[in-house]
Amino acid sequence: MHDYQRDFIDLTLQREVLRFGEFTLKSGRISPYFFNMGRIDSGAALAQLGRAYAATIQASGLTVDMLFGPAYKGIALAAATAIALAEQHGRDLPWAYNRKEAKDHGEGGSLVGAPLQGRVLIVDDVMTAGTAVRESLALIRAAGAEPAGVLIALDRQERGQGELSAAQELTAEFGIPVIAITRLDDVLAYAGERPSLAAEHARLLAYRARYGVTG
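Rules behind the numbers
- Residues numbered from 1 in each chain as written.
- Predicted model: local features only at pLDDT ≥ 70, side-chain atom pairs only at ≥ 80, totals over all residues.
- Heavy atoms only, no water.
- Axes fitted to C-alpha atoms, helices over the stretch in contact; angles between N-to-C directions.
- Helix = DSSP H or I, 4+ residues; strand = E, 2+ residues; numbered from the N terminus.
- Parallel < 35°, antiparallel > 145°, perpendicular 65-115°, else oblique.
- Left-handed = near helix turned anticlockwise from the far one by under 90°.
- Contact = heavy atoms within 4.5 Å.
- Expected span 1.5 Å × (residues − 1).
- Buried < 20%, exposed > 50% of the residue type's maximum accessible area, 1.4 Å probe, protein only.
- Arc of directions from axis to C-beta.
- Pairing = 2+ DSSP bridges.
- Right-handed = clockwise from strand over helix to strand, strands pointing away.
- Polar contact = N/O pair within 3.5 Å; in protein donor to acceptor, adjacent residues only side chain to side chain.

Caption draft 1: Focus on the packing of helix H6 (residues 184-192) against helix H7 (residues 198-211). Viewed as axis vectors pointing N to C, H6 and H7 meet at an angle of 155 degrees, and their least axial separation amounts to 9 Å. Taken as axis vectors, H6 and H7 run roughly antiparallel relative to one another. Along this stretch, H6 crosses H7, giving a crossing that reads as left-handed. Contact residues: H6 offers Leu184, Asp185, Val187, Leu188, Ala191 and Gly192, while H7 offers His201, Leu204, Leu205 and Arg208.

Written as structure tokens, this is what we have:
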């Protein structure tokens, strides 16, 4: 595990983004952990999150020409990532986002920011059904640009309706990579390194064995 991944998990625990316990998910599954990016609600926390996203892009080796943030959560995430890429890695990438409803006055349209062109990386929080990402892919391709992939904070590595996770289904359907700052495997490794999280580590392992995917 990279240092930026440990730092990210530290941040999620400090801000109670990542919580351990017993949580009923939309799927009806009882999960031993819950992940809520809405708890990143301060400037310092958002800046640290942006640095984690930026470090993940650098580590991925993906060729990326610009960033795109799906409304609404992805807007702040793409902005923070663009700032961190410029300040931490000397990469001044353009970025854009969409409106939920097209504007019929002023500049109009549903897209704001830099024109969509080249290889566009979608920046979002987590992936469940992947609806927002699919809408983003349609916008990017309609503009004549090429989706470079999807960047998320956490890959739960958990089966959806079938045998694949939401991330794997998206890759299979559209042929683009889904990269994450951390995966459930990383959270497991982090918990396994800390005696104070031994009970949570055991519950995570059991949940992974029951619902997890490989790869």
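Caption draft 2: Main features of H7. Between its first and last C-alpha, H7 extends 20 Å over 14 residues, near the 20 Å set by a 1.5 Å rise per residue. All of the buried residues along H7 are Glu200, Leu204, Tyr207, Arg208 and Tyr211. When H7 is viewed along its axis, its buried side chains cluster within an angular range of 100 degrees and face the same direction. Exposed residues pointing more than 90 degrees away from the buried face of H7 are listed as Ala209 and Arg210. Contacts from the buried residues of H7 go to strand E1 (18-24), strand E2 (30-35) and H6.

Caption draft 3: Representation of the pairing of strand E8 (residues 178-183) within the structure. Across the 6 residues that make up E8, a large majority, 5, are buried. Pairing of strand E7 (residues 146-155) with E8, which is carried by 5 bridges, proceeds in the parallel orientation. Paired with Asp155 across the strands is Arg183, a residue of E8. You can see the chain leave E7, run along helix H5 (residues 166-174) and come back into E8, and the turn it takes is right-handed.

Caption draft 4: Examining the side chain of Arg208 more closely. Positionally, Arg208 belongs in helix H7. With a relative accessible area of 16%, Arg208 lands in the buried category. At 2.9 Å, the side chain of Arg208 and the side chain of Asp185 are in polar contact. Excluding anything up to four places from it in sequence, Arg208 contacts Gln157, Leu184, Asp185, Leu188 and Val213.

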